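One letter stands for each residue in the lines below.
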Amino acid sequence: MTDINPSQKPRPSAFVSRRQLIQLGLTTLGAAWLGTWLQSRLFPATDTTQEAQPVSFPLSDLPVGGTKAITYGGVSVLMVRTRESLRAFSLICTHLGCTVEWQADKKEFYCPCHSGRFDEFGEVLAGPPPIPLEQIAVSVEGEIVTVGEV
Ligand code: FES
């Protein structure tokens with residue numbers, strides 16, 4: 001007959017350690033994937049090597065009160081046409097570079113990262129952005145709109 005000491009705890013088996021190691025590995029992979037996914041959503045890559053070529057389109061594509069999304073120099077740009085003006089704004093937030101969204105009902109740009117807000121002229125309304133949205137040159141000749149330096 002063997003003596004069993006009730007105060008002795010059973011040693012964890014190697015199987016438990018292996019399972020914990022696998023769980024840790026999967027958790028680490030999941031966290032890495034989530035971080036990469038979030039980064040790509042919040043800070044979309046911009047192709048800065050692409051030389052900015054002017055973008056042209058018919059004025060009729062952008063009625064008064066409307067907007068038009070284009071890509072200029074690898075950057076997402078939103079055209080906003082009011083009765084008084086036709087402007088092109090980079091959608092890169094001037095705070096930390098997140099992508100701003102146009103909220104047509106409020107006529108504002110909204111940055112989901114830190115709740116930055118810009119008016120329809122790109123001026124800062126609220127939040128941490130230090131300066132207005134970048135504007136890109138726009139020219140209209142006849143019925144053709146051109147975004148960027150010609
Ligand atoms: S990145 Fe837009 S408010 Fe911070």
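Anything mentioned here points back to the structure above.
Residues numbered from 1 in each chain as written. Predicted model: local features only at pLDDT ≥ 70, side-chain atom pairs only at ≥ 80, totals over all residues. Heavy atoms only, no water.

Enquirer: Give a detailed account of the side chain of T94, specifying residues and quantitative values.
Expert: By secondary structure assignment, the location of T94 is in the loop between strand 4 (86-90) and strand 5 (101-103). Taking the relative accessible area as the measure of exposure, T94 reaches 19% and is therefore buried. Side-chain polar atoms of T94 contact the backbone oxygen of I131, separated by 2.6 Å. When neighbours within four sequence positions are excluded, T94 is seen to be in contact with F118, P129, P130, I131, P132, L133 and E134. (Helix = DSSP H or I, 4+ residues; strand = E, 2+ residues; numbered from the N terminus. Buried < 20%, exposed > 50% of the residue type's maximum accessible area, 1.4 Å probe, protein only. Polar contact = N/O pair within 3.5 Å; in protein donor to acceptor, adjacent residues only side chain to side chain. Contact = heavy atoms within 4.5 Å.)

Enquirer: Lay out a nonpolar patch on the surface in plain terms, naming residues and giving numbers.
Expert: Together, I22, L26 and L29 make up a nonpolar patch on the protein surface, roughly 330 Å² of accessible area in all. Assignment of secondary structure puts L26 in helix 1 (residues 14-42). (Patch = residues over 30% accessible without salt bridge, like charges linked within 9 Å, V, L, I, M, F, W, Y side chains within 5 Å. Areas by Shrake-Rupley, 256 points an atom, 1.4 Å probe, with all protein chains shown as cover. Salt bridge = Lys/Arg side-chain N within 4 Å of Asp/Glu carboxyl O.)

Enquirer: How would you summarise the pattern of salt bridges if you had to cite specific residues and measurements?
Expert: What the rule picks out here adds up to two salt bridges. Between K68 and D61 there is a salt bridge, with its nearest N and O atoms 4.0 Å apart. A salt bridge links E108 to R117, with the nearest nitrogen and oxygen atoms 2.9 Å apart. Residue R117 is classed as partly exposed on the basis of its relative accessible area, which comes to 29%.

Enquirer: Before we move on, can you summarise unusual backbone geometry with the specific residues and values?
Expert: One non-glycine residue, K107, adopts positive backbone phi at about 55°. Its place among the elements puts K107 in the loop between strand 5 and strand 6 (108-111). The backbone phi angle of S115 is positive, close to 60°, even though this residue is not glycine. Examined against the element boundaries, S115 turns out to sit in the loop between strand 6 and strand 7 (116-119).

Enquirer: I'd love a proper account of the sheet that holds strand 11 (residues 144-147), names of residues and values included.
Expert: Across the sheet, which stays open at both edges, the three strands sit in the order 1-11-10 with antiparallel pairing between neighbours. In this open sheet, the two strands that pair with only one neighbour each are strand 1 (55-58) and strand 10 (138-141). Strand-to-strand twist across the sheet, computed as the mean angle between neighbouring axes with direction ignored, equals 20°. By the bridge criterion, four bridges tie strand 1 to strand 11 in an arrangement that is antiparallel. Its bridge partner lying in strand 11, F57 is registered against V145. (Pairing = 2+ DSSP bridges. Axes fitted to C-alpha atoms, helices over the stretch in contact; angles between N-to-C directions.)

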